[in-house]
Amino acid sequence: MTCTSLLSRRAQAALALVLLVTPAMAACKGGSAAGDGGTREGGGPSASASATGLPAPPDVAAPPADAVKTADGLASKVLTPGTGTDKPLPNDTVKVNYTGWTTDGKMFDSSVAPLQPGRKPQPADLALNRVIPGWTEGVGLMVVGEKRRLWIPQELAYAGKPGAPAGMLVFDIELLGITPGPRPPENVAAAPADAQKTADGLASVIMQPGTGKDHPGPNDGVKVNYSFWTPDGKLLDSSKEGMPIARAVTGMSDGWSEATQLMVTGEKRTFWVPAALGPKARPGGPPPPAQDTTMVIELVDILKGPKTPPDVKAPPADAVKTADGLATKVLTKGTGTTHPTASSRVQVNYAGWTTDGKMFDSSYARGEPATFGLGQVIPGWTEALQLMVEGEKRRVWIPEKLAYAGKPGAPAGMLVFEVELVKIMPGPPMGAPMMPPGMGGGMGGGMGGARPMPPPTSHP
């Protein structure tokens with residue numbers, strides 16, 4: 001992976017966030033020669049900046065006698081008192097100017113005097129729950145307007161991770177602003193005594209009654225505002241404030257599926273999810289941590305999915321079969337006249353089931369069609385879509401040899417899809433050939449990995 005690809009993940013303060021979170025950036029930077037510049041005690045760029053970075057503080061080798069130390073070894077010294085009164089909390093985002101050095105005086109990162117071509121000096125916006133522990137703790141001691149020097153011991157920095165700056169790190173930081181993050185729900189550690197409980201241990205408290213009457217079903221999607229927490233109040237994931245996101249009811253975790261189906265539109269609940277109802281490992285991925293979690297969910301809308309077909313177990317007598325065993329049935333005639341080819345890109349709405357009637361993937365649950373190249377998907381899809389025209393809807397029975405052919409972690413056996421060809425797209429096909437899980441590997445994985453993904457597997 002190149003440095004450029006790492007930097008492209010964040011439009012604001014990309015290098016800062018990647019450096020503080022991802023040790024791989026240090027290998028790209030190649031020590032201080034690729035550093036960005038530095039802040040002096042005044043917080044602005046020094047006139048002595050050079051290709052090797054700004055000069056280090058005189059006390060870079062060790063904390064001075066007047067530095068204040070915390071119980072875990074973090075040392076800090078106020079350089080300029082602040083004008084604010086509030087201190088940032090671990091889930092907040094802060095706007096900062098900063099520079100970092102190793103104890104031999106080599107600068108390895110800065111926000112104010114960039115040396116990377118094309119990178120302009122600008123403050124960094126950093127989420128305090130996504131940086132090294134010494135930053136979370138040290139910046140949490142500050143108020144807006146304050147400038148502070150931190151001496152961060154290795155165990156609170158990168159803990160010896162290969163490619164990352166080694167040993168104690170020294171930072172000059174100026175706190176410019178605080179954007180409050182989500183606050184842990186009441187009783188985040190454990191459900192209160194009056195919480196409703198299900199037979200398998202899911203507990204919940206209604207925080208805001210709903211206005212709707214219908215509950216989502218297992219084939220539906222939901223538009224939600226959400227946040228996920230550890231019992232000690234650490235934020236795991238959340239939607240952006242005021243920007244609800246579409247998620248599938250099924251396929252993320254048993255706890256999520258059960259929780260969302262208890263709710264009605266307009267309702268807001270806190271759920272306490274035992275580890276046994278948490279996410280399962282995804283094919284080819286590491287197992288998620290087994291931990292209890294607390295979820296806050298506001299159900300904004302229900303995205304209705306199709307009903308499970310009555311003939312999901314086997315193709316009916318009126319289905320048309322091809323020579324290789326693919327069976328299809330036209331449900332709605334199309335309005336187009338052109339068929340896609342094996343190299344076409346198409347936009348489709350679809351849902352897929354195993355023959356026991358369990359839905360495993362759906363674009364309806366994400367609230368938008370999927371776009372992909374016919375060379376990216378399982379052979380049964382490539383063949384079936386070429387039979388269709390725009391506006392047509394078909395039910396397709398795909399034998400295992402034309403689906404995932406027994407690949408570990410992928411849906412097994414014959415698969416049944418309802419597919420609506422929305423549009424044959426102009427231009428070349430997208431991306432590389434699709435591999436499992438992809439279509440059918442989890443609700444939200446989408447075609448070729450181009451669709452929105454569910455929350456990380458460490459969350460419900």
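Quantities reported herein were computed from a predicted structural model and do not represent experimental measurements.

## A short note on the environment of Ala405
Point 1. Inspection of the secondary structure assignment puts Ala405 in the loop between strand 20 (393-398) and strand 21 (415-425).
Point 2. Classification of Ala405 as exposed rests on a relative accessible area of 52%.
Point 3. Along the backbone, Ala405 and Ile378 are 27 residues apart, and their C-alpha atoms lie at a distance of 9.5 Å.

## Some points on helix 5 (residues 254-261)
Point 1. With respect to burial, helix 5 is a largely interior element, 6 of its 8 residues being buried.
Point 2. Taken together, the buried positions of helix 5 are Gly255, Trp256, Ser257, Glu258, Ala259 and Thr260.
Point 3. Of the surrounding elements, those touching the buried residues of helix 5 are strand 10 (221-229), strand 12 (245-248), strand 13 (268-273) and strand 14 (293-303).

## Thoughts on the pattern of salt bridges
Point 1. Considering all chains together, one arrives at 14 salt bridges under this definition.
Point 2. Asp92 is paired through a salt bridge with Arg183; the nearest N and O atoms lie 2.7 Å apart. Here Arg183 lies in the loop between strand 7 (169-179) and strand 8 (196-197) and Asp92 lies in the loop between strand 2 (75-80) and strand 3 (93-102), a separation of 91 residues in the sequence.
Point 3. With its nearest N and O atoms 3.1 Å apart, the salt bridge here joins Asp220 to Lys304. Of the two residues, Asp220 sits in the loop between strand 9 (203-208) and strand 10 while Lys304 sits in the loop between strand 14 and strand 15 (320-321), which places them 84 residues apart along the sequence.
Point 4. Judged by its relative accessible area of 57%, Lys304 is exposed.
Point 5. What you see here is one network of salt bridges that share partners, running through Asp311, Lys393, Arg395 and Glu418.

## With respect to the side chain of Ser76
Point 1. Mapped onto the secondary structure, Ser76 falls in strand 2.
Point 2. Take Ser76: its relative accessible area is 4%, and that puts it in the buried class.
Point 3. Within the local environment of Ser76, its side chain forms a polar contact with the side chain of Arg148, the two groups lying 2.8 Å apart.

## Details of the nonpolar core
Point 1. In terms of nonpolar packing, the biggest core is built from 24 residues, with Val348, Trp381, Leu385, Ile398 and Phe417 touching the most fellow members.
Point 2. Those elements that place two or more of their residues in this core are strand 17 (345-354), strand 19 (370-373), helix 6 (379-385), strand 20 and strand 21.
Point 3. Counting 23 residues, the second largest nonpolar core, distinct from the first, contains Ile132, Trp135, Met142 and Ile173.

## As for the pairing of strand 19
Point 1. Because side chains alternate across strand 19, one face comprises the buried residues Ala370 and Phe372, and the other comprises Thr371 and Gly373, equally buried.
Point 2. Pairing analysis gives 4 bridges linking strand 17 to strand 19, with the strands arranged antiparallel. From the neighbouring strand, Gln347 faces strand 19, where its bridge partner is Thr371.

## Structural notes on the confidence of the model for the chain
Fine structural detail should not be taken from predicted coordinates in areas where pLDDT scores are low.
Point 1. When pLDDT is averaged across the chain, the result is 82; 80% of the residues are at 70 or more.
Point 2. Under a pLDDT of 50 for its full length, residues 1-50 has, in the predicted model, 140 contacts with residues more than four places off or in other chains.
Point 3. Residue range residues 431-460 is modelled with pLDDT below 50. Its contacts to residues more than four positions away, or to other chains, number 107 contacts.

## Notes on the side chain of Glu258
Point 1. Positionally, Glu258 belongs in helix 5.
Point 2. The residues touching Glu258, leaving out its near neighbours within four places in the chain, are Thr198, Asp200, Leu202 and Leu277.

## Let's talk about the pairing of strand 16 (residues 327-332)
Point 1. Bridging between strand 15 and strand 16 involves 2 bridges; their strand directions are antiparallel. Each residue of the ladder has a partner; that of Val320, found in strand 16, is Thr328.
Point 2. Where strand 15 hands over to strand 16, the hairpin turn is made up of 5 residues, of which Gly325 adopts a positive phi near 100°.
Point 3. Two strands pair when backbone bridges link them, and strand 16 and strand 20 are joined in this way by 5 bridges, in the antiparallel orientation. Residue pairing for strand 20: Thr332 is matched across the bridge by Lys393.

Definitions and limits used
Residues numbered from 1 in each chain as written. Predicted model: local features only at pLDDT ≥ 70, side-chain atom pairs only at ≥ 80, totals over all residues. Heavy atoms only, no water. Helix = DSSP H or I, 4+ residues; strand = E, 2+ residues; numbered from the N terminus. Buried < 20%, exposed > 50% of the residue type's maximum accessible area, 1.4 Å probe, protein only. Contact = heavy atoms within 4.5 Å. Salt bridge = Lys/Arg side-chain N within 4 Å of Asp/Glu carboxyl O. Polar contact = N/O pair within 3.5 Å; in protein donor to acceptor, adjacent residues only side chain to side chain. Core = buried A, V, L, I, M, F, W, Y, C linked by side-chain atoms within 4.5 Å. Pairing = 2+ DSSP bridges. pLDDT = per-residue confidence, 0-100.

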